[in-house]
Amino acid sequence: MLSVQRLEAGYGESVILRDVSLTVEPGQVVCLMGRNGVGKSTLVKSIMGLLKARKGSVSFKGADVTKRAPGERAKKGIGYVPQGREIFSQLTVYENLRVGLEAHPDSAKRRSKTIPPEAIEKFPILPTFYKRRGGDLSGGQQQQLAFARALISEPDLLVLDEPTEGIQPSIVDAIQDVIRSIRDEGKTAILLVEQSLDFVRSVGDRFYIMEKGTIVWQGGREELDDPAVMKHLTI
Ligand SMILES: Nc1ncnc2c1ncn2[C@@H]1O[C@H](COP(=O)(O)OP(=O)(O)OP(=O)(O)O)[C@@H](O)[C@H]1O
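Below is a summary of the structure that appears in this document. (Residues numbered from 1 in each chain as written. Predicted model: local features only at pLDDT ≥ 70, side-chain atom pairs only at ≥ 80, totals over all residues. Heavy atoms only, no water.)

The subject of this paragraph is the site of the ligand. Taken together, 13 residues surround the ligand, and among them Gly37, Lys40, Ser41, Thr42 and Glu162 come closest. Note that a nitrogen atom of the ligand is positioned 3.5 Å from one of the side-chain N or O atoms of Tyr11. Here an oxygen atom of the ligand and a backbone polar atom of Ser41 are 2.8 Å apart. Contact with the protein chains removes 60% of the 640 Å² of surface that the ligand exposes when unbound. Looking at the shell around the ligand, the element that brings in the most residues is helix H1 (residues 40-48), giving three residues. (Near = heavy atom within 4 Å. Polar contact = N/O pair within 3.5 Å; in protein donor to acceptor, adjacent residues only side chain to side chain. Areas by Shrake-Rupley, 256 points an atom, 1.4 Å probe, with all protein chains shown as cover. Helix = DSSP H or I, 4+ residues; strand = E, 2+ residues; numbered from the N terminus.)

Our next topic: the environment of Tyr208. If you trace the backbone, Tyr208 turns up in strand S9 (residues 206-211). Note on Tyr208: relative accessible area 3%, which makes it buried. Spatially, the C-alpha atom of Tyr208 lies 9.1 Å from that of Gly220, the residues being twelve residues apart in sequence. Beyond its immediate chain neighbours, meaning those up to four positions away, Tyr208 contacts Ser21, Leu22, Thr23, Val30, Cys31, Leu32, Met33, Ile215, Trp217 and Gln218. (Buried < 20%, exposed > 50% of the residue type's maximum accessible area, 1.4 Å probe, protein only. Contact = heavy atoms within 4.5 Å.)

Before going further, it helps to examine helix H5 (residues 139-151). Over its 13 residues, H5 runs 18 Å from end to end, which matches the ideal 18 Å to within 8%, given 1.5 Å per residue. By the criterion of burial, H5 is predominantly enclosed, with twelve of the 13 residues buried. Among all positions of H5, only Gly140, Gln141, Gln142, Gln143, Gln144, Leu145, Ala146, Phe147, Ala148, Arg149, Ala150 and Leu151 are buried. Here the buried face of H5 lies against strand S6 (78-81), helix H3 (93-101), strand S7 (157-161) and helix H6 (169-185). (Expected span 1.5 Å × (residues − 1).)

What follows concerns the side chain of Thr42. Note that Thr42 resides in helix H1. The residues touching Thr42, leaving out its near neighbours within four places in the chain, are Tyr11, Ile16, Leu17 and Leu51.

With 43 residues, the main nonpolar core has Leu97, Phe147, Ile179 and Leu192 as its most contacted residues. Leu97 has contacts with Ile115, Ile120, Tyr130, Leu145, Ala148, Arg149 and Ile152, leaving out every residue within four places of it along the chain. (Core = buried A, V, L, I, M, F, W, Y, C linked by side-chain atoms within 4.5 Å.)

Next up on the list: the packing of H3 against H5. Between H3 and H5, whose axes approach to 7 Å, the crossing angle comes to 35°. Judged by the sense of rotation from one axis to the other, the crossing of H3 with H5 is right-handed. Residues Val93, Asn96, Leu97 and Gly100 of H3 lie in contact with H5, whose contacting residues are Leu145, Ala148 and Arg149. (Axes fitted to C-alpha atoms, helices over the stretch in contact; angles between N-to-C directions. Left-handed = near helix turned anticlockwise from the far one by under 90°.)

Take the packing of aromatic side chains next. Throughout the structure, instances matching the rule amount to two aromatic pairs. Taking the centre distance of 5.2 Å and the plane angle of 75° together, the rings of Tyr94 and Tyr130 count as edge-to-face. Here Tyr130 lies in the loop between helix H4 (107-111) and H5 and Tyr94 lies in helix H3, a separation of 36 residues in the sequence. Judged by relative accessible area, which is 24%, Tyr94 ranks as partly exposed. The interplanar angle of 45° and the centroid separation of 5.5 Å between the aromatic rings of Phe123 and Phe147 together place this pair among those described as tilted. Taken as a pair, Phe123 in the loop between H4 and H5 and Phe147 in helix H5 lie far apart in primary sequence, 24 residues in all. (Phe/Tyr/Trp six-rings, centres within 6.5 Å; stacked < 30°, edge-to-face > 60°.)

Function cannot be inferred from these measures alone, as they are strictly geometric.
Spelled out as structure tokens, the structure:
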């Protein structure tokens, strides 16, 4: 469903990603791990089209999207929860969700003035905040909003960049439960950037580890006890 092939990308003069290949199959949960600064967010931004590929390709559902703009990729069915959430702080919670609906492939849903209740049933707390400004929510509530905003367009692939980073433990548990329930439903594939080995072990089907902008290890759940995994992840 998602295929990244021999990707090279970077910022200005500096090349960050070199020869990166990664695939996600339908319904699969693929986890991307690695220490801080190795290039995980850079890879995610390249997949979303926020950063241009200098070499290599990104294809999604059989179509080459390497040169497609972020909005087009979203409409094709890639939902994104960026690191740091990036909710619109001046807009209300309701308006933030409406922005997510703009990426829905069904034009009737895009035009709809109401948020379909089933679209946010995984986040029952959100309707109580509809009139509040996004910027007035706590970090954990903002993360739930960013998650719901990405899910509302019913994406085929959800890209989550460290969704539990810097969030209070009770909301971390809630977010992990949502990821598990999406996995169990099997309709939406997930590419998850996550530091907690215990958590990725409990949800992931396939695992990639990055170091200095390249993939240095990949494997399935039964291979996670490989000593190389700890070597690449410990500081
Ligand atoms: N906008 C930018 N301009 C220039 N360099 C950048 C930019 N964003 C990231 N970098 C650099 O690219 C490298 C990879 O950063 P990236 O954020 O992709 O790492 P990461 O693995 O996601 O780390 P973290 O877990 O800390 O977010 C780092 O050296 C970083 O300083």
